[in-house]
Protein chains: 4
Amino acid sequence: METIGFIGLGRMGAAMATNLLKAGYRLRVYNRTPQKVEPLVAQGAIAAAHPFEVAEPGGIVITMLTNDAALDEIVFGAEGLQDRLGENGVHLSMSTISPQTSRRLAEHHRQHGGHYVAAPVFGRPDAAAAAKLWIVLSGPAEAKMRVQPVLRAMGQGLFDFGEDPGAANIVKLAGNMLIGAAIEAMAEAYTLAEKNGISREALHEMISTTLFACPVYQNYGRMIAHQTYEPVGATATLIRKDMELVLQTAWTSLVPMPLADLVHNRLTARIARGRGDADWAELALEVVEGRS
Amino acid sequence: METIGFIGLGRMGAAMATNLLKAGYRLRVYNRTPQKVEPLVAQGAIAAAHPFEVAEPGGIVITMLTNDAALDEIVFGAEGLQDRLGENGVHLSMSTISPQTSRRLAEHHRQHGGHYVAAPVFGRPDAAAAAKLWIVLSGPAEAKMRVQPVLRAMGQGLFDFGEDPGAANIVKLAGNMLIGAAIEAMAEAYTLAEKNGISREALHEMISTTLFACPVYQNYGRMIAHQTYEPVGATATLIRKDMELVLQTAWTSLVPMPLADLVHNRLTARIARGRGDADWAELALEVVEGRS
Amino acid sequence: METIGFIGLGRMGAAMATNLLKAGYRLRVYNRTPQKVEPLVAQGAIAAAHPFEVAEPGGIVITMLTNDAALDEIVFGAEGLQDRLGENGVHLSMSTISPQTSRRLAEHHRQHGGHYVAAPVFGRPDAAAAAKLWIVLSGPAEAKMRVQPVLRAMGQGLFDFGEDPGAANIVKLAGNMLIGAAIEAMAEAYTLAEKNGISREALHEMISTTLFACPVYQNYGRMIAHQTYEPVGATATLIRKDMELVLQTAWTSLVPMPLADLVHNRLTARIARGRGDADWAELALEVVEGRS
Amino acid sequence: METIGFIGLGRMGAAMATNLLKAGYRLRVYNRTPQKVEPLVAQGAIAAAHPFEVAEPGGIVITMLTNDAALDEIVFGAEGLQDRLGENGVHLSMSTISPQTSRRLAEHHRQHGGHYVAAPVFGRPDAAAAAKLWIVLSGPAEAKMRVQPVLRAMGQGLFDFGEDPGAANIVKLAGNMLIGAAIEAMAEAYTLAEKNGISREALHEMISTTLFACPVYQNYGRMIAHQTYEPVGATATLIRKDMELVLQTAWTSLVPMPLADLVHNRLTARIARGRGDADWAELALEVVEGRS
């Protein structure tokens, strides 16, 4: 099996890379904070000292980074990928970033004879560890075909959104917005129940086994019902960035999204009160604490 | 099997009463518009000319009406139930009404030696027809025990929320608010996708088979994705009344609910534009039409 | 000059009654907490032990009470006004209440040959003390003519909104909503400025001497700029009741009012955090504290 | 008197430049659409074929452009000002732009020995024509002193917000947000009144001569009361850009601004329905038309 480059070993990236090793892929890995490379190396990955070293001509490099700026630095920085993927190389970009950045990077790789596939993922770190991510992808057909087995080693399902490299990113952003909306909705409903003498847990049990018997309501709902927000899956600061990308995309395409505004404001409020590093589902506490 | 009184044969009530007949119960039925009684009579029900005639001392009467005022008229009106249920009678109140009305009616029946059980339902008319309703109930333990088999003939699951007769109503209201929130969220997400070149259906297919693989997102989501809002399940006018009960309960218990406000405003806007008799899921059109 | 009955000697009522005494009117006064009568008695008013005692057949009775329920008790309670005003009496109702209550009371008085004039006021207690209130009125033309001199002794301007006894109440409610909106707007703008290194006071100074050189922005704006919310003019609890009347009127007339919702939610949040007795302008603190 | 450069002769700029001519200044003028230069030339201004030609070393150049991008092009474009103002030149930047752009341009001019003063204005085209603008300014003290007489020829009042070149822009953005909030508030209040049988004009007359007796409520309020939105002062498209700058500044400084979101969404909705070129006060129509 071929050697794949993997850049970005945070909570999500480390779990995803581990699954690639388990599936038999060889990996060259890079992370800005070098210590995070160690567990992967212990499992057989080769550590790279600089981003560009994970790439080989015509190969595949996966990026799983915090935001657009980090990805730009990995590609265009002094020690970045630049054109190292060359002819037929594939940049498999799995971070949650803006559609604009995806389109720009796709153009960059195209100019060097390579390909860019956007493939952001849904799932928290435990789903990543269990290879149970849902993966949405978009980009050129041939490159998508090539990376399919790689993606299948990390996820339980793939959804193809066509050739526009920005499309998968928009789907990912829309999905996060839907999750944030569900959190706000449950926070309001459970708090209304509680203030009227009904147990949060009893309401959660009912709705999450009937009308809303699905992962988002079951998993986030459990946190909101029990008011336990640890361990941290994704931070308020991280997801607020996603909500800004949602809103900027909405601005550009003239879609008023008052519910997305509400979720964004909840996250801003959490960060303003020093909870930026807590799980973003804590936005439910804004409701519990009687905030307007 | 005993004879049960059933008052209110709208889209939901007619389907529920039919299932009771199928289960072997004998029914005395009443509806304000008398023609709606006919299909039930054709299946063996006995038609009553006035509400009070459906009751017999110590028996069970089910009410399934549009709102608090209709229920008050049925109980306290000149030809109403009044104290006809007498000692040990049970008023099984399945309408979506306010917790205050339930508590007031419970007190009324208690004073005449009877019982009141609130048992509102979740499910659209097709679910009612299939005896697949989810039923939430609250009230005195003994009376709840007695009506269990009756409820099981109409639903696929019961959830008990204790003795407060208002509790089940609050759960029902909270549930409708959660559905409204999901409709708004999907409307915003699908419209964002569409305005960016992604098919509404493709996004719906992805989210409703993964993160949101549950009845509300699947069924309402299909309407929102395909933009087909017929046949009408529950009208905008009907559900807006529920949202007002949600907000009034929230006011009393000091819970700011901005998302419930948003859903309520969407429904108000639909009605103001002459769409009060359309399915309430049409609130999604407010987003599609670019309204703020 | 004739003797006028005056019921309700809170912050506002006491100041208004004092101005009537200064203008030469004789007053019979009643207040539920009897001590509040004393300063007025010291200035020549006659204390009544029960509400009905302030009325004389064909006379004028002014009511200035906290809410609809208090007014109902004063009129319909065991010791209430009932029909004591008789033929040609005028109930001059200056409280901030719902249009429905005004219409109901107007009907009650009409049935006894009397008249009802709604005349709610704009202005905080210091404006009341200075006889600088703005008064909006509605009701039957003749009765409005008769009470004009009485109103002029308390205010600096009258605005007539026709014959519907509910009209003046709606104008009052709309006015309070406009003030609440201005508070929220200034809170957001001043906080944005402050978080960007610009003094709240400097921004306030600019806007309140130019674009917004008017009492609401000058007076409430000073509180919001300086973050000093004392002395208390009107409490959060009091004005939240007004916002609920705004929203209920909006519901009935199918007007979505998201900004009124926002103001209402801010007040609810203040009360939920124990600040119900503070000045309602403290809703600005929700913004300052970074709440969403 | 010295010769001043003036770039940008839209509705506002043309009126401002005319006042400078009236005050005795000589002007070199540039506009991208050259025909707009003609009325100024007829009054004595000298037409420049390219932006850089309006500048002379050590002189003053005023810019009054649509947005940040247009200003960037005027300064940094191939035929732009670049460093033509040289030692002691002053760029007097009167457009409504982001604080970031002001800070960046200030740094640019400082590096060439020049100065940058931000001086955005409040007032619609008729106020500009009457030299009745309110001008807020920030930048280095000496340069502000030098441009004072120039600014006084265009406005009726100056407000100094210190040395940060971005401060005046933030004040301008905050001011526009306050105006937008007032429009939304009036739209909701007047519509509530109208739907309850009270004339929009009567309510407007009352509030704009008492509590809200100030230019914004008088002038915008007249449009909203009479539902006449012509002639166009500032378009929805133009001001929506300002609201985006407000929100981006709010995001950066962690201030949730739900009322600013609401105003922004209203404008987005107008543009989505093809009214981007209409006056932005038409956002009031969203309320009138029963939108949520």
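Along each chain, numbering runs from 1 in the same order as the chain's sequence is written. Chain labels run from A onward and ligand labels from 1 onward, assigned in the order the entries are written. Totals for whole chains, interfaces and linings use all residues, but because this is a predicted model, local features are given only for residues with pLDDT of at least 70 and pairs of side-chain atoms are given and counted only at 80 or more. For side-chain calculations, the full set of non-hydrogen atoms in the structure is used, while hydrogens and water are omitted.

All names here are of chain A. Helix axes are fitted only over the stretch in contact, all axes being lines through C-alpha atoms; the angle between N-to-C directions runs from 0 to 180 degrees. Only runs of H or I of at least four residues qualify as helices and only runs of E of at least two qualify as strands under DSSP, and these elements are numbered from the N terminus. At a closest axis distance of 9 Å, the pairing of helix H8 (residues 200-209) and helix H9 (residues 215-226) adopts a crossing angle of 170 degrees. Between H8 and H9, the angle falls in the class roughly antiparallel. Across the interface between the two elements, Arg200, Glu201, His204, Ile207 and Ser208 of H8 pack against Tyr217, Gln218, Gly221, Arg222, Ile224, Ala225 and His226 of H9. The labels follow the angle: roughly parallel below 35 degrees, roughly antiparallel above 145, roughly perpendicular from 65 to 115, and oblique for the rest. Contacts between residues were defined by any pair of non-hydrogen atoms, one from each residue, lying within 4.5 Å.

Glancing now at the environment of C:His226. Take C:His226: it is sitting in helix H9 (residues 215-226). Distance in space between the C-alpha atoms of C:His226 and C:Val61 is 40 Å, their sequence separation being 165 residues.

Before going further, it helps to spend a moment on the interface of chain D and chain C. Between chain D and chain C, the residue contacts involve 56 residues of the former and 56 residues of the latter. Salt-bridge detection follows one rule: a side-chain nitrogen of Lys or Arg within 4 Å of a carboxyl oxygen of Asp or Glu. Here chain D and chain C share zero salt bridges between them. N or O atoms within 3.5 Å of each other form a polar contact, as long as, within protein, one can give a hydrogen and the other can take it, and as long as residues adjacent in sequence are counted only when both atoms are side-chain atoms. The tally of links between chain D and chain C comes to nine residue pairs in polar contact (both at pLDDT 80 or more). Contributing elements (two or more residues each) for the side of chain D that touches chain C: strand S8 (133-137), helix H7 (167-194), helix H8 (200-209), helix H9 (215-226), helix H10 (236-252) and helix H11 (258-272) of chain D. By residue number, the principal contributor to the side of chain D that touches chain C is H7(D), which donates 17 residues.

Here the copies are matched by least squares. The fit uses the C-alpha atoms of residues with pLDDT of at least 70 in both. Superposing chain D onto chain C takes a rotation of 180 degrees plus a shift of 0.0 Å along the axis, which leaves an RMSD of 0.0 Å. Those values place the two copies in the arrangement expected of a two-fold rotation axis. Considering only C-alpha atoms, the residue of chain D closest to the rotation axis is D:Cys214, which sits at 2.6 Å. A symmetric contact is evident, with 100% of the interface residues of chain D recurring at the interface of chain C.

On to the domain arrangement of chain A, then. Residue and element names in this part refer to chain A. Segmenting chain A into domains produces domain 1 (3-162) and domain 2 (170-288). Annotation comment: domain bounds sourced from an automatic or database domain assignment. A straight line from the C-alpha centre of domain 1 to that of domain 2 covers 28 Å. On the domain 2 side, the residues contacting the 16 residues of domain 1 number 20 residues. Take the accessible area each of two parts loses on contact, using a 1.4 Å probe, and add the two losses: that sum is the buried area. Across the interface of domain 1 and domain 2, roughly 1300 Å² is buried in total on both sides, 65% from carbon and sulfur atoms. The largest share of the area that domain 1 buries against domain 2 comes from Thr96, Phe122 and Arg124, three residues that together contribute 45% of it. At the junction of domain 1 with domain 2, the criterion picks out one salt bridge. Salt-bridge contacts for Arg124 lead to Asp279; the nearest nitrogen and oxygen are separated by 2.5 Å. Linking domain 1 to domain 2 there are six residue pairs in polar contact (both at pLDDT 80 or more). Secondary-structure elements contributing two or more residues to the side of domain 1 that touches domain 2 are helix H4 (99-111) and strand S7 (121-122). Residue composition of the side of domain 1 that touches domain 2, grouped by class: eight nonpolar, four polar and four charged. In the scheme used here, Gly and all other residues not listed as nonpolar or charged are polar, with Ala, Val, Leu, Ile, Met, Phe, Trp, Tyr, Cys and Pro taken as nonpolar and Asp, Glu, Lys and Arg as charged.

Let us now look at the sheet that holds strand S9 (residues 155-160) of chain D. Think of a sheet as strands paired side by side through backbone hydrogen bonds, with each pair either parallel or antiparallel. All names here are of chain D. By definition, two strands form a pair when at least two bridges between them are found by DSSP. If you walk across this open sheet you meet the three strands as S7-S8-S9, and the pairing is mixed. At either end of the open sheet lies a strand with only one pairing partner, and these are strand S7 (121-122) and S9. Of the strand pairs in this sheet, S7 and S8 are connected by two bridges, and their pairing is antiparallel. Note that in S8 the partner of Val121 across the bridge is Ile135.

This paragraph deals with the pairing of strand S8 (residues 133-137) of chain A. Residues and elements named next belong to chain A. Only protein chains enter the area calculation, which uses a 1.4 Å probe; residues under 20% of their type maximum are buried, those over 50% are exposed, and those in between are partly exposed. S8 sits mainly inside the fold: five of its five residues count as buried. Covered by surrounding structure in S8 are Leu133, Ile135 and Leu137 together with Trp134 and Val136, the residues of both alternating faces. Pairing geometry for S8 and strand S9 (residues 155-160), over five bridges, is parallel. Its bridge partner lying in S9, Leu137 is registered against Asp160. Regarding the hand of the β-α-β motif, the stretch spanning S8, helix H6 (residues 141-152) and S9 is right-handed. With the strands pointing away from the viewer, any crossover whose connection runs clockwise from the first strand over the helix to the second is right-handed.

UniProt positions are given in the numbering used here, feature names are shortened, and annotations may be inferred rather than shown by experiment. As annotated by UniProt and renumbered to match this structure, "domain: 3-hydroxyisobutyrate dehydrogenase-like NAD-binding" (unreviewed entry) occupies residues 166-283 of chain A. Taken end to end, residues 166-283 of chain A is 70% helix and 0% strand, and its first and last C-alpha atoms sit 28 Å apart.

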